[in-house]
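Residue strings, one per chain:
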Amino acid sequence: MASCKKDNKEEKHMCEGDHIYKPISLHMLDAKYKIGSYWILIDSVSNIFDSTFVYSTKESDIYDGCLTTYQAYDYSLSSVPNFENNSYRIVTGQLFKNSNGPNTGTLIFSPYYYQTSDYQIVYVDSFFVFDRYYHQLSQTTVFEDPTHNDNKVIYYMNTDFGLLRKDIFDTNLNLISKRILVRKNIVR
């Protein structure tokens with residue numbers, strides 16, 4: 001006769017434990033742009049002006065389905081005459097474009113060096129754009145940006161002023177657009 005002996009050790013469910021709440025990092029609070037914020041950029045390749053403005057905002061908590069809840073701030077931008085509409089989400093210390101979860105979408109800003117096969121983020125101390133220097137920004141290279149036909153896009157951003165410059169390259173890596181910030185109105 002064979003018998004079984006039950007192991008008295010209780011199995012822990014993978015989601016049991018202390019709940020973690022991750023607020024938005026202090027350095028990202030300036031990036032919580034409100035309705036009334038806008039950016040005017042000129043494309044130095046086509047010489048066309050583009051106006052981008054915040055048309056909606058939302059604060060929420062996003063639960064990851066297990067132990068972590070993330071504080072999130074979402075804002076949506078619309079561009080004229082390009083008619084681009086994109087949503088942006090601040091989660092902890094990063095900014096994602098067209099996110100649908102805690103850390104999803106296209107990562108376009110982080111204050112720290114970050115590299116994968118999809119992204120390369122480099123911290124830049126200062127950078128000249130149009131008529132002045134901007135400080136403490138990230139240069140984010142998205143190798144296949146889904147919001148730009150999977151082309152390579154380089155974003156230059158900081159939390160004080162948002163998008164400072166955006167370079168878009170075609171599949172042959174020819175520069176097809178170089179949008180440079182010329183004016184802005186930031187509402188916090």
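As shown above, the structure is provided for reference.
The paragraphs below set out a description of the structure included in this document. Given the structure is predicted, the values throughout are model-derived calculations rather than measurements.

### Things to note about the overall build of the chain
Line of reasoning, step 1. Across its full length, the chain holds zero helices and 13 strands.
Line of reasoning, step 2. Mapped from its N terminus to its C terminus, the chain presents α and β elements in the order β-β-β-β-β-β-β-β-β-β-β-β-β.
Line of reasoning, step 3. Over its C-alpha atoms the chain spans a radius of gyration of 21 Å, topping by over 25% the 16 Å that the globule rule assigns to 188 residues.
Line of reasoning, step 4. Overall, the chain is about 85 × 40 × 30 Å in size when its C-alpha atoms are taken along their principal axes.
Line of reasoning, step 5. Across the chain, the fraction of contacts at a sequence separation of at least 24, relative to all contacts at a separation of at least 6, is 43%.
Line of reasoning, step 6. For the chain, the accessible surface area stands at approximately 10,900 Å², while carbon and sulfur atoms represent 50% of it.

### Considerations on unusual backbone geometry
Line of reasoning, step 1. Residues Val-80 and Pro-81 are joined by a peptide bond in cis, for which omega reads 10 degrees.
Line of reasoning, step 2. Considering the arrangement of structural elements, one finds Pro-81 in the loop between strand E4 (68-80) and strand E5 (85-91).
Line of reasoning, step 3. The backbone of Leu-173 shows a phi angle near 65 degrees, a positive value even though the residue is not glycine.
Line of reasoning, step 4. One can find Leu-173 in the loop between strand E12 (162-169) and strand E13 (175-185).
Line of reasoning, step 5. The exposed category is assigned to Leu-173, whose relative accessible area is 54%.

### Quick look at the side chain of Thr-52
Line of reasoning, step 1. Turning to its location among the elements, Thr-52 is positioned in strand E3 (residues 49-63).
Line of reasoning, step 2. Setting aside residues no more than four positions away along its own chain, Thr-52 makes contact with Ser-37, Tyr-38, Trp-39, Leu-41, Leu-77, Ser-78 and Ser-79.

### What to know about the nonpolar core
Line of reasoning, step 1. Counting residues in hydrophobic clusters, the biggest one holds 43 residues, and the most contacted among them are Trp-39, Tyr-75, Ile-90 and Leu-95.
Line of reasoning, step 2. Setting aside residues up to four positions removed in sequence, Leu-95 forms contacts with Met-28, Tyr-75, Tyr-88, Arg-89, Ile-90, Thr-106, Leu-107, Ile-108, Phe-109 and Met-157.

### What about the side chain of Lys-32?
Line of reasoning, step 1. Secondary-structure assignment places Lys-32 in the loop between strand E1 (20-22) and strand E2 (38-43).
Line of reasoning, step 2. Within the local environment of Lys-32, its side chain forms a polar contact with the side chain of Glu-59, the two groups lying 3.2 Å apart.
Line of reasoning, step 3. Here Lys-32 is in contact with Ile-24, Glu-59, Tyr-73, Ile-90, Val-187 and Arg-188, once residues within four sequence places are set aside.

### Remarks on the packing of aromatic side chains
Line of reasoning, step 1. Counted under the stated rule, the structure contains eight aromatic pairs.
Line of reasoning, step 2. With a centroid separation of 5.3 Å and an interplanar angle of 75 degrees, the aromatic rings of Tyr-33 and Trp-39 are classed as edge-to-face.
Line of reasoning, step 3. The exposure class of Trp-39 is buried, given its relative accessible area of 5%.
Line of reasoning, step 4. Measuring from ring centre to ring centre gives 5.1 Å for Phe-128 and Tyr-133, while their planes differ by 70 degrees; the resulting arrangement is edge-to-face.
Line of reasoning, step 5. Judged by its relative accessible area of 49%, Tyr-133 is partly exposed.
Line of reasoning, step 6. Across the ring face of Tyr-134, the terminal group of Arg-132 is positioned such that the distance to the ring centre comes to 4.4 Å.
Line of reasoning, step 7. The residue whose ring lies beneath Lys-152 is Phe-169, and the NZ or CZ to ring-centre distance is 5.3 Å.

### What to know about the pattern of salt bridges
Close approach of charged atoms allows side chains of opposite charge to pair.
Line of reasoning, step 1. Under the definition given, this model contains six salt bridges.
Line of reasoning, step 2. As a salt-bridge pair, Asp-30 and Arg-188 come within 3.9 Å of each other at their nearest N and O atoms. Of this pair, Asp-30 sits in the loop between E1 and E2 while Arg-188 is found in the segment after E13, placing the two residues 158 residues apart along the sequence.
Line of reasoning, step 3. Under the relative-accessibility criterion, Arg-188 is labelled partly exposed at 46%.
Line of reasoning, step 4. Salt-bridge contacts for Arg-165 lead to Asp-167; the nearest nitrogen and oxygen are separated by 2.7 Å.
Line of reasoning, step 5. The buried category is assigned to Asp-167, whose relative accessible area is 4%.
Line of reasoning, step 6. A network of salt bridges, in which partner residues are shared, links Glu-84, Lys-166 and Arg-179.

Reading guide: rules and limits
- Residues numbered from 1 in each chain as written.
- Predicted model: local features only at pLDDT ≥ 70, side-chain atom pairs only at ≥ 80, totals over all residues.
- Heavy atoms only, no water.
- Helix = DSSP H or I, 4+ residues; strand = E, 2+ residues; numbered from the N terminus.
- Rg over C-alpha atoms; globule rule 2.2 N^0.38 Å.
- Contact = heavy atoms within 4.5 Å.
- Areas by Shrake-Rupley, 256 points an atom, 1.4 Å probe, with all protein chains shown as cover.
- Buried < 20%, exposed > 50% of the residue type's maximum accessible area, 1.4 Å probe, protein only.
- Core = buried A, V, L, I, M, F, W, Y, C linked by side-chain atoms within 4.5 Å.
- Polar contact = N/O pair within 3.5 Å; in protein donor to acceptor, adjacent residues only side chain to side chain.
- Phe/Tyr/Trp six-rings, centres within 6.5 Å; stacked < 30°, edge-to-face > 60°.
- Lys NZ or Arg CZ within 6 Å of the ring centre and 35° of its normal.
- Salt bridge = Lys/Arg side-chain N within 4 Å of Asp/Glu carboxyl O.

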